[in-house]
Amino acid sequence: MSDTALLQLRHITKSFGSVQALTDVDFEVNAGEVMALVGDNGAGKSTLVKCIAGTHSADSGQILFEGREVHINGPKDAARLGIEVVYQDLALCDNLDVVQNMYLGREANRFQILNEATMEHHTAETLKSLAVTTIRSVRQTVATLSGGQRQSVAVARAVMWNSKLVILDEPTAALGVAQTEQVLALVRRLGEQGLAVILISHNLHDVFETADRITVLRLGRDIGVYERRQTSQQQVVEAITAGVPTKVAGIPTTAGVEQ
Amino acid sequence: MTTADVVGPDRAAPPPAPEEELPSGLAGVYARAWLNLRTGNLGPIPIIVGLVVVVLLFGLTATNFFTATNFVNLVNETAGTTMLAFGVVFVLLLGEIDLSIGYLAGIGALVVAELQLPGSSQHMNGILAMIIAVAVCAAIGGFQGSIIAFVGVPSFVVTLAGFLIWQGVILNKLQQRGTIIIQDRWINYTDSYGFSHLGGWLIAIVVSLLYPLAILYRRVSARGTHIAQQNWWAFAAKTGGIALVAFVTVIVSNHAKVITTSLGLPLSGVIIVFFFILLTFLAKSTTFGRHVYAVGGNAEAARRAGISVPRIRVLVFMISGATAGLGGIIFAAQVNSVALTFPPGNLLLNAIASAVIGGVSLFGGRGEVRGALLGAVLIGTLQNGLNTLNVSNGWIYIITGLVLLGAVTLDTFAVRLQARSGR
């Protein structure tokens, strides 16, 4: 583990009643890096992300953000640190336009009176900075946007608030080929702009298109961290389906697949 | 309003409409109107057309409909329903319903009647009495809203219980006395006072200036940003239209007479316009209003965005209670009394029908305050016109029902057309 990691999780354990969801999980992500988090259904991806986002709190373990230990007890704590989550269902209001969705719950106002000009201006600027060029008008309602555009709006909303870490939950799950490409390009751009990105995905093609490193979870344990350039899809698939945590075997390497 | 500054290829999105870049100037107005018409983005146009048709129809068939005096009567008759319909808009925007408003209006009227009773121990100034009555109704609305927001009982059930409870309270209070006469002039003014001719002109000037001033303020505050602004021609047309309506209203009102007494611009109409502007501002230009639309559109998204959904729900039911109370006072002022027969006619259903005819969706998140005003005016005009034609009450209900059905059907088609054209 490097000392420069933006976010570090150490020995995270979480159980729901008798179900052990996470066991002694280590995880890290650097600024400017896209870290993929992969694993089969029930591997503990969502639980891990919820511990980072403050929806759950871990039973034991340490969370370090920018090198300091932090306690994230709710979504507001996470937002204060600069952690934003884009959930799979995007949480957009279809009846509101792009600007209104981008500022939902954080409207620019003076004495509770909305400042539309500021909001519209910054929305257009943010979309431009992320090279989201397919949205014709920021005053369109979100209902009229395509799936990829909606995803872009949700991501742009997460980025707009000076966030340092953006967590994307299955951002391409419901998209066609062309729109998937758009969103993946956007994810890469976030990394290039210096943000830390955690990408949760089932789709290894997407992961290998965008991620710098890949963390594999299996049955609530971390199997290992893989450098994307030095790894084949086959290796990752094996880790997902049959991987054994190397820590248990007492060999602390960055990657390990046991046949 | 379009900021077409972000244009690029999107293979998966529907091909951009060729008329996306609207020309400026007068041609732009035509282009936008045609685009809106084709894509079903009709706004208030159908209801305004309907209103014109109704007025022409009754003007030609009924002898005493198209008179200045009947116009003032119409305003005084419609004011109470309109006030209730304003509150209904906010409740419907959340995707909720408030069935208690009819009898809450009765509670408002009852409280005001009790408080102004001369010779009683609680006798007080009429204005103070009205403020207390509205506050009581807001508190009742807030109480009902709290049960909906915090306990999670559906609004239909909570307000149905309210419907029965407040009806019962009114029955208990009025069963022996029958009727309470309202003598306080301030209370009665809300549905009978007419301004002097000069007062009417001044109000028309103020109302005419409000819209252009608001738009100019927006332009000034948007300086330095690249925000698309409204077409100057559309702006001029709207400003002129509002001024025209305001001045014609005053001219007609100033001609209205009962025998030899001039009626003048009715205060009830001015109250309605005041609350129309106030509540439109609340809905469209404040964080609260934005959050109401957000909760109605996607409550879960609103919650995750940090909006306190229960707080919004309680506040909206307080608004609904307050407008019901005020509407009830206006109704009581119309007949200078509160009787066992209160609320008059189908107050609850007329108020909800007004909002729905005005394009407010029952499923939340879609609609505007102006819809309630237009819908209430359409229903009021229809019922007033049929009355002057001596049509029976049965037929009045049937025709009102058909208009409601027609308006909602048209709206459903328009929404479908909008969805198909991707706007």
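Residues numbered from 1 in each chain as written. Chains lettered and ligands numbered in written order. Predicted model: local features only at pLDDT ≥ 70, side-chain atom pairs only at ≥ 80, totals over all residues.

1. Structural notes on the overall build of chain B
Regarding its fold elements, chain B presents 16 helices and four strands. Sorting the 423 residues of chain B into buried and exposed places 43% on the buried side. Of all intrachain contacts in chain B linking residues separated by at least 6 positions in sequence, the fraction that spans at least 24 positions is 79%. (Helix = DSSP H or I, 4+ residues; strand = E, 2+ residues; numbered from the N terminus. Buried ≥ 20, exposed ≤ 12 C-beta atoms within 10 Å, placed from the backbone. Contact = placed C-beta atoms within 7 Å.)

2. Details of the environment of L6 of chain A
Residues and elements named next belong to chain A. In this fold, L6 is placed in the segment before β1 (7-16). The class of L6 is buried, set by 23 C-beta atoms lying within 10 Å. Distance from L6 to V187, taken between C-alpha atoms, is 18 Å for residues 181 residues apart in sequence. What L6 contacts, discounting residues up to four positions off in sequence, is V29, N30, A31, F65, E66, K164, L165 and A196.

3. Digging into the sheet that holds strand β10 (residues 196-200) of chain A
Residue and element names in this part refer to chain A. Within the open sheet, the six strands sit side by side as β6-β9-β10-β3-β11-β12. Their pairing is mixed. Of all the strands in the sheet, just β6 (83-86) and β12 (221-227) have a single pairing partner and so form its edges. Averaged over all adjacent pairs, the angle separating strand axes in this sheet is 20 degrees, with direction ignored. In terms of strand pairing, β6 meets strand β9 (residues 165-169) through four bridges, oriented parallel. Considered in β9, the bridge of E84 is made with V166. Across the sheet, helix α5 (residues 147-160) touches β6 and β9, and the angle it forms with β6 is around 170 degrees. Packed onto the sheet, helix α6 (residues 177-192) meets β3 (34-38), β9 and β10 and runs at close to 150 degrees relative to β10. (Pairing = 2+ DSSP bridges. Axes fitted to C-alpha atoms, helices over the stretch in contact; angles between N-to-C directions.)

4. Digging into the sheet that holds β1 of chain A
All names here are of chain A. The strand order across the open sheet built from four strands is β2-β1-β4-β5, with neighbouring strands paired in antiparallel fashion. Looking at strand neighbours, the two that pair on one side only are β2 (19-29) and β5 (68-69), the edges of this open sheet. Sheet topology note: the strand β4 (residues 60-65)/β5 ladder contains two bridges and is antiparallel. Each residue of the ladder has a partner; that of L64, found in β5, is E69.

5. Some remarks on the domain arrangement of chain B
All names here are of chain B. Structurally, chain B comprises domain 1 (64-193 + 286-420) and domain 2 (195-265). Spacing between the C-alpha centres of domain 1 and domain 2 amounts to 26 Å. With four residues of domain 1 at the contact, the number on the domain 2 side is seven residues. Here the residues of the side of domain 1 that touches domain 2 are counted per class, giving three nonpolar, one polar and no charged. (Domains from an automatic or database assignment. Nonpolar A, V, L, I, M, F, W, Y, C, P; charged D, E, K, R; others polar.)

6. Some remarks on the pairing of β2 of chain A
Residue and element names in this part refer to chain A. Summarising the sheet, β1 and β2 pair through seven bridges and their orientation is antiparallel. The residue bridging F16 from the neighbouring strand is V19, located in β2. The hairpin turn running from β1 into β2, its antiparallel successor, is two residues long, and G17 in that turn takes a positive phi close to 60 degrees.

7. Things to note about the nonpolar core
For soluble globular proteins, nonpolar side chains are generally found buried alongside one another. Counting residues in each nonpolar core, the largest one holds 178 residues, and the members touching the most others are V197 and L199 of chain A together with V89 and V112 of chain B. Within the second largest apolar cluster, nine residues are counted, among which are I203, A246, L265 and L267 of chain B. (Core = buried A, V, L, I, M, F, W, Y, C linked by C-beta atoms within 7 Å.)

8. Here we look at the packing of helix α4 (residues 101-115) of chain B against helix α6 (residues 155-177) of chain B
Residue and element names in this part refer to chain B. Between α4 and α6, whose axes approach to 8 Å, the crossing angle comes to 35 degrees. The element α4 and its partner α6 pack so that their crossing is left-handed. Contacts from Y103, L104, G106, I107 and L110 of α4 reach α6 at F163, W166, Q167, V169, I170 and K173. Residue classes in the contact of α4 with α6 are distributed as eight nonpolar, two polar and one charged. (Left-handed = near helix turned anticlockwise from the far one by under 90°.)

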